[in-house]
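Residues per chain are reported as follows:
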Amino acid sequence: TLGEFVAASGYTDVDSLGSPQDAFVATWYDQAGSNDATQTTASDQPKIVNAGALVTENGKVGIDFSAHSLATASAISLTNQSIFAAIKLDTTITAASSQQRLLMNDAGTADVFAFGATTGTLTNERVSWLSVDNGNVYGSGQTSNDISSGQYLYSAIFNTSPSTAIYQNGTALSLTPTSGESSGGAFTNTIYPQGFQRIGATSTGTTPFDGKVHEIIIYNSDKSALRTAIEGNINGRFSIYT
């Protein structure tokens, strides 16, 4: 595991705050032990306590990002890659939705796992994977169905075979390679090495994720064979779907 970020470990000592104070996450500790995610600007820190009570969804702790972000000290570089994210979407994602970047390269323009329109010329994605290689854009997105607000577990499996798969609450989404950018790139099922560093928004706060994050696990390997078991473990903790 390159990174495992669990909301329940972010803040637990609510009683010491008194009421009705808020508390925010300056450091989200990597449970893999090597790459904590931090935010030194207080106004950009996501919320974990609201008016003296832990932020929760369905009774489970979740960090409320809503236009805020955290960044690891160094990029989490991936070749074969598997990402598991337990989240709450606060808004319904449609073809016309503005992009919400859950994970991205710290440059803010490449290597993105996002909801909503990926860029100005890639407008139909509800959820998508985007990578940039030599200025060209590549990836796949789910374009046919809106994603209602609510809790979800997303599993994204990418390997160098190449193949791409994104699962929503354990069910595979139908992904569509989409027309590319004017630079000549095109959405395909080919995946290139990634560099994730930021969670929740770009370094300037643009294209923010609107919702809560319970847990994110990032592997630098293809976990297809263990996907169902990993999903079952996460779902058992956060009770996202039956």
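Before reading on, note that the structure itself is shown above.
Give a detailed account of the side chain of Glu215, specifying residues and quantitative values.
As for its placement among the helices and strands, Glu215 is situated in strand E20 (residues 211-219). For Glu215, a relative accessible area of 1% translates into the label buried. A polar contact of 3.2 Å, which involves the side chain of Glu215, links it to the side chain of Arg237. Residues in contact with Glu215, not counting those within four places in the same chain, are Glu4, Phe5, Val6, Phe84, Ala85, Ala86, Ile234, Arg237 and Phe238.

Give me the side chain of Ser155: which residues, what numbers.
If you trace the backbone, Ser155 turns up in strand E16 (residues 150-159). At 2.7 Å, the side chain of Ser155 forms a polar contact with the side chain of Glu231. Residue contacts for Ser155: discarding those within four places in its chain leaves Ile83, Phe84, Ala165, Ile166, Tyr167, Arg227 and Glu231.

Please set out the packing of aromatic side chains residue by residue, giving values where relevant.
This model, assessed by the stated rule, comprises 8 aromatic pairs. Judged by centre distance (6.0 Å) and plane angle (90 degrees), the rings of Phe84 and Tyr219 are edge-to-face. Taken together, the residues Phe84 in strand E11 (residues 81-89) and Tyr219 in strand E20 connect sequence positions 135 residues apart. Both residues of the pair, Phe84 and Tyr219, belong to the buried class. Aromatic pair Phe115 and Phe209: ring centres 6.2 Å apart, planes at 45 degrees, arrangement tilted. Residue Phe115 is located in strand E13 (residues 112-115), and its partner Phe209 is located in the loop between strand E19 (194-199) and E20; the two are separated by 94 residues in the primary sequence. The exposure class assigned to Phe209 is buried, which follows from its relative accessible area of 0%. Aromatic ring contacts, followed pair by pair, group Phe113, Phe115, Tyr152, Tyr154 and Phe209 into a single cluster. The ring centre of Tyr167 lies 3.6 Å from the NZ or CZ of Arg227, which sits over that ring.

Got a sec to walk through the pairing of strand E10 (residues 70-78)? Specific residues and values, please.
Where strand E4 (residues 37-38) meets E10, 2 bridges bridge the pair, whose relative direction is antiparallel. When the sheet's bridge partners are listed, Ala37 is paired in E10 with Thr72. Alignment of E10 against E19, held across 5 bridges, turns out to be antiparallel. Looking at the pairing, Ile76 lines up with Phe196 of E19.

Pulling in residues and values, what's your account of unusual backbone geometry?
For Ala51, which is not a glycine, the phi torsion comes out positive at approximately 50 degrees. Positive phi, close to 50 degrees, is recorded for Asn169, a residue that is not glycine. Among the structural elements, Asn169 can be located in the loop between strand E17 (163-168) and strand E18 (171-172).

Talk me through the pattern of salt bridges; I want residue IDs and the actual numbers.
The full count for this structure, using the stated rule, is 7 salt bridges. Between Lys47 and Asp22 there is a salt bridge; the shortest N-O distance is 3.5 Å. Of this pair, Lys47 sits in strand E5 (residues 47-50) while Asp22 is found in the loop between strand E1 (3-6) and strand E2 (23-24), placing the two residues 25 residues apart along the sequence. Taking the relative accessible area as the measure of exposure, Asp22 reaches 35% and is therefore partly exposed. As a salt-bridge pair, Glu231 and Arg227 come within 2.8 Å of each other at their nearest N and O atoms. Separated by 4 residues within a single helix, Glu231 and Arg227 lie in helix H1 (residues 227-238), roughly one turn from each other. Here the salt bridges share partners, and the residues they tie into one network are Glu57, Lys88, Asp90 and Lys212.

Describe the nonpolar core, and please don't skip the residues or the numbers.
Membership of the largest hydrophobic core comes to 39 residues, with the highest contact counts inside it found for Trp28, Ile87, Leu102, Phe113, Phe115 and Tyr154. Not counting the four nearest positions on each side in its chain, Phe113 is found in contact with Arg101, Leu102, Leu103, Val127, Ser128, Trp129, Tyr154, Ala156, Ile166 and Phe196. Core analysis: the next-biggest nonpolar cluster, separate from the first, contains 13 residues, Phe84, Ile157, Tyr167 and Phe238 among them.

Could you give me a rundown of empty space enclosed by the protein, with the residues and numbers involved?
Summed over all chains, the structure comprises 1 cavity of 30 Å³ or more. In this structure, the largest cavity spans a volume of roughly 40 Å³. Lining the largest cavity are Phe5, Thr72, Ile76, Leu103, Phe196, Gln197, Arg198, Ile199 and Ile218. Elements supplying a minimum of two residues to the lining of the largest cavity: E10 and E19. A per-element tally of the lining of the largest cavity places E19 first, with 4 residues. Taken together, the residues of the lining of the largest cavity sort by class into 6 nonpolar, 2 polar and 1 charged.

Rules of the game
Residues numbered from 1 in each chain as written. Predicted model: local features only at pLDDT ≥ 70, side-chain atom pairs only at ≥ 80, totals over all residues. Heavy atoms only, no water. Helix = DSSP H or I, 4+ residues; strand = E, 2+ residues; numbered from the N terminus. Buried < 20%, exposed > 50% of the residue type's maximum accessible area, 1.4 Å probe, protein only. Polar contact = N/O pair within 3.5 Å; in protein donor to acceptor, adjacent residues only side chain to side chain. Contact = heavy atoms within 4.5 Å. Phe/Tyr/Trp six-rings, centres within 6.5 Å; stacked < 30°, edge-to-face > 60°. Lys NZ or Arg CZ within 6 Å of the ring centre and 35° of its normal. Pairing = 2+ DSSP bridges. Salt bridge = Lys/Arg side-chain N within 4 Å of Asp/Glu carboxyl O. Core = buried A, V, L, I, M, F, W, Y, C linked by side-chain atoms within 4.5 Å. 1 Å grid on protein atoms, 1.4 Å probe; cavity = no way out; pocket = protein on both sides within 12 Å on 5 of 7 lines; lining within 4 Å. Points joined across faces, edges and corners; volume = space filled by probe spheres on them. Nonpolar A, V, L, I, M, F, W, Y, C, P; charged D, E, K, R; others polar.

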